[in-house]
Amino acid sequence: MRLADVGESGLVERLLGRLARGPGVVRGAGDDAAVLDLGGKELLLFTVDTLVEEVHFSRAYGSMRDLGAKAMAVNLSDVAAMGGRPVYAVVSLAAPAETAVADIDDLYAGLAGTAARYGVTLVGGDTVRHPHGLVITVALLGLAGRERVLYRKGAVSGDLFYVTGSLGASAAGLFLFQNPHPACPPEVEDRLKKAHLSPEPRVVAGGLLAASGVVSAAEDISDGLALTVAHICTAGGVGARLLADRVPLSPEVRRLGILTGKDPLEWALFGGEDYELLFTVRPGAAAGLEREMAAAGWPVTWIGEVLGPGEGLWLEDAAGAGRPLVPGGYDAFGTEP
Ligand SMILES: Nc1ncnc2c1ncn2[C@@H]1O[C@H](COP(=O)(O)OP(=O)(O)OP(=O)(O)O)[C@@H](O)[C@H]1O
Ligand SMILES: Cc1ncc(C[n+]2csc(CCOP(=O)(O)O)c2C)c(N)n1
Ligand SMILES: [Mg+2]
């Protein structure tokens, strides 16, 4: 049996069985970050993410500075999803000996710039040779109030699904890199490609959601909305009804859909790398939270509701017709990433 046969989630499930649960582990593997209790006032969050050349990025698409910023952002996004405040990071870099030093300088300018903007101190790392391409790994520590951590688990029937920002722009940008479209207006192309190259982690929004006390579950959307909904539903033992026409798509995403004849909702559901937050809210508190988030400059959109256990995952169109929501998305070992 090969990794391609079991897929990313199949492999992770196998591995999780082997992880020990040591003292101080509030939440081990299975969430966006591990949650650790070292006895301090706050809980420690611990997460790691890797970007691999020609798997997560192509050097033909963007600058080294953007790449460094993205390597930091994808980790910040996991701390944001837990409602935490990022604090310290280490960076592991694998690179071919032929790599230009100036490129690594630029990569670090991106890493350090984004780290600084979010109050993160880079405290070390590791440097090794790679025979073929660049591999950048960031491990990040964060802190969160003991009663304020957001988990994937916690959604209950009747809660409402919300997302920050809009979805699908990163996948649409990647589509444009891979399928240049001469008729695409430059401003649309720029916006979409920028969304792919420079995602902004929702650290501030995540902190506000955690502080609200009315968010029951949360996860960042790295592998597409459909898979993220499925994770929250599996963790909570619940179902979901998503409203297709409520899923927020930017005008640029819609425009590229029209230009290419593709359904832009597919980019939102299955594309990934938006790094927005999906979360669930107690129904009575939803309107108030929506107002507070908008007032703070982090608008959120209601996109569906949590169903009871065993009720399945559904996607409903504007006419009220439902079809099963296939929990597909980006799989590291999938044949069509
Ligand atoms: N090789 C591994 N060994 C142990 N645990 C793992 C391994 N890979 C993933 N996990 C754990 O499985 C869970 C899911 O991992 P996943 O990578 O999907 O989360 P994520 O970091 O939020 O997503 P993404 O990588 O798309 O940003 C996490 O809690 C992670 O710690
Ligand atoms: C060159 C190139 N090819 C494909 C993609 C698409 N892609 C790579 S990783 C990922 C999901 C998150 O990854 P992970 O779960 O590993 O964090 C997606 C959608 C890309 N960004 N660049
Ligand atoms: Mg995550």
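No experiment lies behind these values; they were computed from the predicted model shown.

**Student:** Could you clarify how one ought to interpret the overall build of the chain in this entry?
**Tutor:** Within the chain, the regular secondary structure consists of ten helices and 13 strands. Since a compact globule built from 337 residues should have a radius of gyration of about 20 Å, the 20 Å found for the chain is in line with a globular shape. Residues counted as buried form 47% of the 337 residues belonging to the chain. Sequence separation of 24 or more characterises 82% of the internal contacts of the chain that already satisfy a separation of 6 or more. Carbon and sulfur atoms form 55% of the exposed surface of the chain, whose accessible area is close to 15,700 Å². Treating the 28 positive side-chain charges of the chain as one cloud and the 41 negative ones as another, the clouds have centres 4 Å apart.

**Student:** Help me understand the pairing of strand β7 (residues 160-164), please; the structure alone is not making it clear to me.
**Tutor:** Moving residue by residue along a regular strand, the side chains alternate between the two faces of the sheet. Judged by how many residues are buried, β7 sits mostly within the fold: five of five residues are covered. Burial of β7 is two-sided: the residues L160, Y162 and T164 facing one way and the residues F161 and V163 facing the other way are all buried. The pairing of β7 with strand β10 (residues 277-281) spans four bridges and is antiparallel. Note on β10: the bridge partner recorded for Y162 is F279. Pairing geometry for β7 and strand β11 (residues 300-307), over five bridges, is antiparallel. Within the sheet, the bridge partner assigned to T164 lies in β11 and is V300.

**Student:** Whenever I open this one, the UniProt feature "binding site: substrate" (unreviewed entry) in the chain confuses me. Can you help?
**Tutor:** With numbering aligned to this structure, UniProt lists the feature "binding site: substrate" (unreviewed entry) at H56, E273 and Y330. Taken along the chain, the residues just named run across 275 residues; in space they keep tight, none of their C-alpha pairs more than 11.1 Å apart. Leaving out residues up to four positions away in the same chain, H56 has contacts with T50, L51 and E273. Locating E273 in the fold gives a position in the loop between α9 (264-271) and β10. On the basis of relative accessible area, E273 is assigned to the buried category, the value being 16%. Setting aside residues no more than four positions away along its own chain, E273 makes contact with H56, K70, S170, H196, P199, I221, S222 and D223.

**Student:** Is there a simple way to explain the site of ligand 2 in this structure?
**Tutor:** In the vicinity of ligand 2, the contacting residues are D49, V55, H56, F57, S58, L174, H196, S222, D223, G271, E273 and Y330. In the complex, 89% of the free accessible area of ligand 2, which totals 520 Å², lies under the protein chains. Residue composition of the shell around ligand 2, grouped by class: four nonpolar, five polar and three charged. Mapping the shell around ligand 2 onto the domain boundaries places at least three of its residues in each of domain 1 (3-145) and domain 2 (160-324).

**Student:** Please explain the packing of aromatic side chains as it appears in this structure.
**Tutor:** Within a pair of aromatic rings, the relevant descriptors are the distance that separates the centres and the angle that separates the planes. A complete count under the given rule lists three aromatic pairs for this structure. Here Y61 and F177 contribute two aromatic rings whose centre-to-centre distance is 4.4 Å and whose plane-to-plane angle is 10°, an arrangement assigned as stacked. Of this pair, Y61 sits in the loop between β3 (42-52) and α2 (64-81) while F177 sits in helix α4 (residues 169-178), and the two are 116 residues apart along the sequence. Residue classification places F177 among the buried positions, given a relative accessible area of 15%.

**Student:** Would you mind showing me how to read the nonpolar core here?
**Tutor:** As a rule of thumb, nonpolar side chains are buried together in soluble globular proteins. If you look at the biggest cluster of nonpolar residues, it comprises 38 residues, and the most contacted ones within it are F161, L225, V229 and L278. Looking at which element gives the most residues to this core, the answer is helix α7 (residues 225-236), with six residues. Apart from the residues within four sequence positions on either side, V229 is in contact with F161, A240, L242, L278, L313 and L325.

**Student:** Is there a simple way to think about the site of ligand 1 in this case?
**Tutor:** Taken together, 13 residues are adjacent to ligand 1, and G30, D31, D32, D78 and S222 come closest. Between D31 and ligand 1, the recorded distance is 2.6 Å, taken from a backbone N or O atom to an oxygen atom. Here an oxygen atom of ligand 1 and a side-chain polar atom of D78 are 3.0 Å apart. Expressed as a share of its isolated accessible area of 610 Å², the protein-covered part of ligand 1 is 66%. A per-element tally of the shell around ligand 1 places helix α1 (residues 3-16) first, with three residues. Class assignment for the residues of the shell around ligand 1 results in five nonpolar, two polar and six charged.

**Student:** Please clarify how unusual backbone geometry should be interpreted in this entry.
**Tutor:** A negative phi angle is the norm for most residues apart from glycine, just as the trans form is the norm for most peptide bonds. In the Ramachandran plot, E273 falls in the positive-phi region, its phi being about 65° despite a non-glycine side chain. You will see that Y275, though not glycine, has its phi angle at about 55°, which is positive. Among the structural elements, Y275 can be located in the loop between α9 and β10.

**Student:** Help me out: how do you make sense of the domain arrangement of the chain in this one?
**Tutor:** The parts lose accessible area when they come together, and the size of an interface is often stated as this lost area. On domain assignment, one finds that the chain holds domain 1 (3-145) and domain 2 (160-324). Each of domain 1 and domain 2 has a C-alpha centre, and these two points are 23 Å apart. Taken together, both faces of the contact between domain 1 and domain 2 bury some 1,700 Å²; the carbon and sulfur share is 56%. Three residues stand out in domain 1 for area buried against domain 2, namely Y61, K70 and Y118, and they jointly supply 35% of the buried area on that side. For the pair domain 1 and domain 2, the number of links is two salt bridges. E200 is the salt-bridge partner of R117, the closest N and O atoms lying 2.8 Å from each other. Here domain 1 and domain 2 share six residue pairs in polar contact (both at pLDDT 80 or more) between them.

So, how was this worked out
- Residues numbered from 1 in each chain as written.
- Chains lettered and ligands numbered in written order.
- Predicted model: local features only at pLDDT ≥ 70, side-chain atom pairs only at ≥ 80, totals over all residues.
- Heavy atoms only, no water.
- Helix = DSSP H or I, 4+ residues; strand = E, 2+ residues; numbered from the N terminus.
- Rg over C-alpha atoms; globule rule 2.2 N^0.38 Å.
- Buried < 20%, exposed > 50% of the residue type's maximum accessible area, 1.4 Å probe, protein only.
- Contact = heavy atoms within 4.5 Å.
- Areas by Shrake-Rupley, 256 points an atom, 1.4 Å probe, with all protein chains shown as cover.
- Lys, Arg positive; Asp, Glu negative; His and termini not counted.
- Charge placed at Lys NZ, Arg CZ, Asp CG, Glu CD.
- Pairing = 2+ DSSP bridges.
- UniProt positions renumbered as here; feature names shortened; annotations may be inferred.
- Near = heavy atom within 4 Å.
- Nonpolar A, V, L, I, M, F, W, Y, C, P; charged D, E, K, R; others polar.
- Domains from an automatic or database assignment.
- Phe/Tyr/Trp six-rings, centres within 6.5 Å; stacked < 30°, edge-to-face > 60°.
- Core = buried A, V, L, I, M, F, W, Y, C linked by side-chain atoms within 4.5 Å.
- Polar contact = N/O pair within 3.5 Å; in protein donor to acceptor, adjacent residues only side chain to side chain.
- Buried area = accessible area lost by both parts, 1.4 Å probe.
- Salt bridge = Lys/Arg side-chain N within 4 Å of Asp/Glu carboxyl O.

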